Amino acid sequence: MTEGDAANSPSAEVSQKPNLAAEQALVRRAKDGDMAAYDELIQMYQERIYATIYHMTANHEDANDLAQDTFIKAYQALRSFKGGSSFYTWIYRIAVNKTINFLKQRRHKGHLSLNELDFHAENDPDLIALISDKTPQREVGLKELKEKLNMAMQRLSEPHRLVVTLHDVQGLAHEEIAEIMECNIGTVRSRLFYARQQLQGYLADYLK
């Protein structure tokens, strides 16, 4: 995947998950060495994978590199995929693990990039709900709001940032997130609640 494939609009609408039977057929072909089948799987999920990583890292170049690494690692490990979950969930888990490891390494290096976060804020009811219609701060404009949201997101821990990204940005269900994060649904819900509370605290100026 090249940067131009998804970097220009990481929060643009992404396609719906394909039919499970069609996905399984492509996986079987890919396991037999059919690169065209694997390329179809990449096309199905590259936008979602890229967008998830971008919202975790807030950096286009890092997200592009990690997305490419994810699909390479997934192909290398494809024969170990037993089909206990969907390929969709399996590759998301690979992307999430690679991204969390990357963030830990980046934190140890003391590096943090705060590129503008394309959070699709103007269309996100949860985020719009954080801001009062009457507060004068609304006049600062969407660009500053995105910057504030980006900074607030980067202050969350990796698990809490991830659950917000998967649920509020990517629109995944609690059950899907639980599979990806390898935890129970109650943990997903509690992390999501805590993360939203933290974001509200970080965006307190917009709540007055």
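Rules and cut-offs
- Residue numbers run consecutively from 1 along every chain, following the written order of its sequence.
- At least 70 in pLDDT is required for a residue's local features to be given in this predicted model, at least 80 for side-chain atom pairs to be given and counted, and no such filter applies to totals for whole chains, interfaces and linings, which use all residues.
- Water and hydrogen atoms were dropped before computing side-chain values, which therefore reflect all heavy atoms in the structure.
- Numbering goes from the N terminus for both helices and strands, where a helix is a DSSP run of H or I of at least four residues and a strand is a run of E of at least two.
- Relative accessibility thresholds used throughout: buried, under 20% of the residue-type maximum; exposed, over 50%; partly exposed, between the two (1.4 Å probe, protein chains only).
- Note on definitions: a residue-residue contact is assigned when non-hydrogen atoms from the two residues lie within 4.5 Å.
- Note on terminology: a nonpolar core comprises buried Ala, Val, Leu, Ile, Met, Phe, Trp, Tyr and Cys residues joined through side-chain atoms within 4.5 Å.
- As a per-residue measure, pLDDT reflects the predictor's confidence and takes values from 0 up to 100.
- To estimate how far a helix should reach, multiply one less than its number of residues by 1.5 Å.
- Whenever two N or O atoms come within 3.5 Å, that pair is a polar contact, provided that in protein one can donate a hydrogen and the other can accept it, and provided that, for residues adjacent in sequence, both atoms are side-chain atoms.
- Every case where a carboxyl oxygen of Asp or Glu lies within 4 Å of a side-chain nitrogen of Lys or Arg is listed as a salt bridge.
- Here Asp and Glu are counted as negative and Lys and Arg as positive; His is not counted, and neither are the chain ends.

Novice: Got a sec to walk through the side chain of Arg93? Specific residues and values, please.
Specialist: Here Arg93 is to be found in helix H5 (residues 87–109). Classification of Arg93 by relative accessible area gives buried; the value is 16%. Arg93 has contacts with Glu179, Ile180 and Glu182, leaving out every residue within four places of it along the chain.

Novice: Which residues make up the nonpolar core, and what values go with them?
Specialist: In terms of nonpolar packing, the biggest core is built from 52 residues, with Tyr38, Leu41, Ile49, Phe87, Val164 and Leu166 touching the most fellow members. Among the elements of the structure, helix H2 (20–31), helix H3 (35–57), helix H4 (60–76), H5, helix H7 (142–155), helix H8 (158–169), helix H9 (174–181) and helix H10 (185–202) are those that each provide at least two residues to this core.

Novice: Give a description of the confidence of the model for the chain that names residues and reports values.
Specialist: When the pLDDT values of the chain are averaged, the result is 77; 73% of them are 70 or greater. Mean pLDDT across the secondary structure elements of the chain bottoms out at helix H1 (residues 3–6), with 43, and peaks at H4, with 92. Overall, residues 1–15 carries pLDDT values under 50, and its contacts beyond four positions in sequence, including any with other chains, amount to 30 contacts.

Novice: Any details on H4? Residues and values, ideally.
Specialist: Taking 1.5 Å of rise per residue, 17 residues should cover 24 Å, and H4 covers 24 Å from first to last C-alpha, within 8% of that figure. Those residues of H4 not exposed but buried are Asp62, Ala63, Asn64, Leu66, Ala67, Thr70, Phe71 and Ala74. A distance of 3.0 Å separates the backbone nitrogen of Glu61 from a side-chain oxygen at the start of H4, and that oxygen is part of Asn59.

Novice: Account for the pattern of salt bridges, with residues named and values stated.
Specialist: With the rule as written, the count across this model stands at three salt bridges. With a shortest N-O distance of 3.1 Å, Arg29 and Asp34 are connected by a salt bridge. Residue Arg29 is classed as partly exposed on the basis of its relative accessible area of 36%. We classify Asp34 as partly exposed; its relative accessible area is 26%.

Novice: Kindly report on the side chain of Arg161, identifying the contributing residues and their values.
Specialist: As for its placement among the helices and strands, Arg161 is situated in helix H8. For the buried Arg161, which has no salt bridge, the nearest side chain bearing the opposite charge is Glu158, at an N-O separation of 4.7 Å. At 3.2 Å, the side chain of Arg161 and the backbone oxygen of Met153 are in polar contact. Here Arg161 is in contact with His55, Met56, Leu103, Met153, Gln154 and Leu156, once residues within four sequence places are set aside.

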